[in-house]
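Summary of the model geometry
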Amino acid sequence: MASVSWLLLALGANPVAAPAQAPADPKVAVATVLDDWHRAAAVANEPRYFSFFTPDAVFMGTDGQERWTVDQFRAWAKPFFTKGKAWSFKSVSRNVFLSKDGQVAWFDEALDTPNLGPARGSGVLVKDAAGWKIAQYNLSVPIPNDLMGEVTNRIATYSKAKPATPPAPAQAPAKKP
């Protein structure tokens, strides 16, 4: 009975720990951010998902035309989040690297996705006072080398058949004073 009393006393003297803080290991902290970012998309939590980006971040999608600022990406993604079903990416392996000063991290990850099949993400995070933020993310779908010829031929055929998009109008040169 004395051991039970000591156990209760010990538990009472050690209150429940405070909410978890960022992991001390910066590579673990980066992985935690990326995992939480992926979870935010899976549950269609738009505010949380986009809070992980730096204001000047860039998201590059699988289509060669998809190079978006955060605002452009958010506008494109909004209908998915509004429907309550964004996308579900799960990292199955990840490599994280850090700059010597510990303020920049870059990574690559293999992803399991229900819609794309095996995919790959890579990118850059920067550390600020609030923690790690995504500055660039590049989503890709790896193509087996044995299929590369077929895929590049299909892309070439598609590109020839697709109507040309007119280039954006050039800005007029600035007037000289």
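Whatever comes next refers back to the structure up there.
Below is a summary of the structure that appears in this document.

Rules and cut-offs
Residues numbered from 1 in each chain as written. Predicted model: local features only at pLDDT ≥ 70, side-chain atom pairs only at ≥ 80, totals over all residues. Heavy atoms only, no water. Helix = DSSP H or I, 4+ residues; strand = E, 2+ residues; numbered from the N terminus. Buried < 20%, exposed > 50% of the residue type's maximum accessible area, 1.4 Å probe, protein only. Contact = heavy atoms within 4.5 Å. Areas by Shrake-Rupley, 256 points an atom, 1.4 Å probe, with all protein chains shown as cover. Patch = residues over 30% accessible without salt bridge, like charges linked within 9 Å, V, L, I, M, F, W, Y side chains within 5 Å. Salt bridge = Lys/Arg side-chain N within 4 Å of Asp/Glu carboxyl O. Pairing = 2+ DSSP bridges.

This part takes up the overall build of the protein. Scanning the protein for helices and strands turns up five helices and six strands. When the elements of the protein are put in sequence order from the N terminus, they spell out α-α-α-β-β-α-β-β-β-β-α. Scored against the burial criterion, the 177 residues of the protein give a buried share of 28%. In the protein, 42% of the contacts between residues at least 6 apart in sequence involve partners at least 24 apart. On the protein, roughly 12600 Å² of surface is accessible, and the fraction owed to carbon and sulfur atoms is 59%.

Together, Ile143, Leu147 and Met148 give the surface a local cluster of nonpolar side chains, amounting to about 220 Å² of exposed area. By the element assignment, Met148 lies in helix H5 (residues 145-161). Judged by relative accessible area, Met148 falls into the partly exposed class, the value being 32%.

Side chains of strand E4 (residues 104-113) alternate between two faces, with Ala105, Phe107, Glu109, Leu111 and Thr113 buried and Val104, Trp106, Asp108, Ala110 and Asp112 left unburied. Bridge count for strand E3 (residues 90-98) against E4 is eight bridges, and the pairing is antiparallel. Its bridge partner being in E4, Arg94 is matched across the sheet by Glu109. Taking the residues between adjacent antiparallel strands as the criterion, E3 and E4 are bridged by five residues, where Gly102 takes a positive phi near 75°. Pairing analysis gives ten bridges linking E4 to strand E5 (residues 117-128), with the strands arranged antiparallel. Bridging across to E5, Val104 finds its partner in Val126.

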